Amino acid sequence: PSYLMSATSKDGLTWIKNDKIVASDARTPGALFDGKYMRVYFNRRGAGNIVALSRDGISWEEKEVIVLGLPPGMVVLDQEVVLLPDGKYRMYYYEHPRAKGQPISIQGDFTIASAISNDGIHFQREGAAFVYERVMDPDVIKIGDVWKMFVSHYGKTISAVSYDEGKSFVFEQYVSKTRFIPTVIETSDGYRIYYNTKEGNTRKIYSAFSIDGKTWVEDQGVRIEAGEKGSLDEGGPGSPAVLRKNDGTYWIFYTTTVG
């Protein structure tokens, strides 16, 4: 079985795991704090897209996420949702052609699309935001006056930048030394990117820090690693998603497997 778990931190570096399961069978989460609720968006096989909402990180309520206007045969994967200055929610996601099977078997350009919502639950597709060879797992953040997107690309991370307020993006650079499934959060003095690595059959989460969101320096040590044998996260943490609450507390959500 697979689970969505969480951990908390005061500085974004040292994390304390929470033993409570956030959700079961959850894939590629994206996390957001909207000022009232912590929201974790994820995909569940056979059930589509879900958002789990919580005020305290202990009790979670799940709601189905609806995206209207999808091209025929396309499904939403790897969703990332940001809160816009006007109070609306924008979702970025990998627009996957269901008939072509698993993404790992597909070649060519992939589409990261966007959709807009008033409530963070019901979305209307806007259009393609970033089209590039085999890009998945988008994470989007506003750095200064510019929206940036970080995506997985052949096991590495690349960044793209927007010049039209987050509607479309162009390639910027490879993010040095980071691996895959990136997530970026603003800290009190800059930005921190978290990402997955896989060492043998075990996954770990590492991080790097940047003052400007462009030049990154690896943080020492491992942020989160596998739990003891028999624990809920014995297979190691994957697909990190991070948010920061108004009180400065960081929350990270990650997928795990048991057995």
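Residues numbered from 1 in each chain as written. Predicted model: local features only at pLDDT ≥ 70, side-chain atom pairs only at ≥ 80, totals over all residues. Heavy atoms only, no water.

(A) Representation of the pattern of salt bridges within the structure. Under the counting rule described, the total for this entry stands at 10 salt bridges. Notably, a salt bridge pairs K17 with D233, separated by 2.6 Å at the nearest N-O pair. With K17 in strand β2 (residues 16-24) and D233 in the loop between β19 (217-218) and β20 (238-244), this pair connects stretches of sequence that are 216 residues apart. By relative accessible area, which is 32% here, K17 ends up partly exposed. Taking relative accessible area as the criterion, D233 reaches 7% and is therefore assigned buried. (Salt bridge = Lys/Arg side-chain N within 4 Å of Asp/Glu carboxyl O. Helix = DSSP H or I, 4+ residues; strand = E, 2+ residues; numbered from the N terminus. Buried < 20%, exposed > 50% of the residue type's maximum accessible area, 1.4 Å probe, protein only.)

(B) Inspection of the nonpolar core at higher detail. Ranked by size, the top nonpolar core spans 20 residues in total, and within it Y92, F130, M149 and F169 carry the most contacts. Sorting the residues of this core by element identifies β8 (74-83), β9 (89-97), β10 (109-117), β11 (122-133), β12 (135-143), β13 (146-153) and β14 (156-161) as the ones contributing at least two each. Filtering out sequence-adjacent residues up to four positions away, F169 remains in contact with Y92, A129, F130, V140, W147, K148, M149, A160, V161 and S162. (Core = buried A, V, L, I, M, F, W, Y, C linked by side-chain atoms within 4.5 Å. Contact = heavy atoms within 4.5 Å.)

(C) Seen up close, the packing of aromatic side chains. Within the structure shown, the criterion is met by 9 aromatic pairs. Taking the centre distance of 5.6 Å and the plane angle of 90 degrees together, the rings of W60 and F253 count as edge-to-face. With W60 in the loop between β5 (48-54) and β6 (61-64) and F253 in strand β21 (residues 250-257), this pair connects stretches of sequence that are 193 residues apart. There is no split in this pair, since W60 and F253 are both buried. (Phe/Tyr/Trp six-rings, centres within 6.5 Å; stacked < 30°, edge-to-face > 60°.)

(D) The sheet that holds strand β1 (residues 2-9), seen in detail. Taking strand neighbours across the sheet as the criterion, the 4 strands line up as β2-β1-β21-β20 in an open arrangement whose pairing is antiparallel. A strand with exactly one partner marks an edge of an open sheet, and here the two such strands are β2 and β20. On average, each strand axis in the sheet is tilted by 25 degrees relative to the strand beside it, whichever way the strands run. Bridge analysis of β1 against β21 gives 8 bridges, and the strand direction is antiparallel. Bridged to S9 within β21 is Y250. (Pairing = 2+ DSSP bridges. Axes fitted to C-alpha atoms, helices over the stretch in contact; angles between N-to-C directions.)

(E) Highlighting the pairing of strand β3 (residues 27-33). Taken across its 7 residues, β3 has 6 buried, putting it largely inside the fold. Judged from the 5 bridges that link them, β3 and strand β4 (residues 38-44) form a sheet pairing that is antiparallel. The residue bridging R27 from the neighbouring strand is N43, located in β4. The loop that links β3 with its antiparallel partner β4 comprises 4 residues; one of these, G35, has a positive phi angle of about 100 degrees.

(F) Region of interest: the layout of surface pockets. Of the voids in this model, the largest pocket is the one considered here, and its volume is about 1200 Å³. In this structure, the largest pocket is lined by 38 residues; those nearest its centre are R27, T28, D78, Q102 and P103. In terms of residue count, β8 provides more of the lining of the largest pocket than any other element does, 4 residues in total. Here the second largest pocket is characterised by a volume of approximately 540 Å³. As for the second largest pocket, its lining consists of 23 residues, of which L32, F33, I141, I185 and E186 are closest to the centre. At the level of secondary structure, the elements contributing two or more residues to the lining of the second largest pocket comprise β3, β8, β12, β16 (180-186) and β20. Here the residues of the lining of the second largest pocket sort into 14 nonpolar, 4 polar and 5 charged. (1 Å grid on protein atoms, 1.4 Å probe; cavity = no way out; pocket = protein on both sides within 12 Å on 5 of 7 lines; lining within 4 Å. Points joined across faces, edges and corners; volume = space filled by probe spheres on them. Nonpolar A, V, L, I, M, F, W, Y, C, P; charged D, E, K, R; others polar.)

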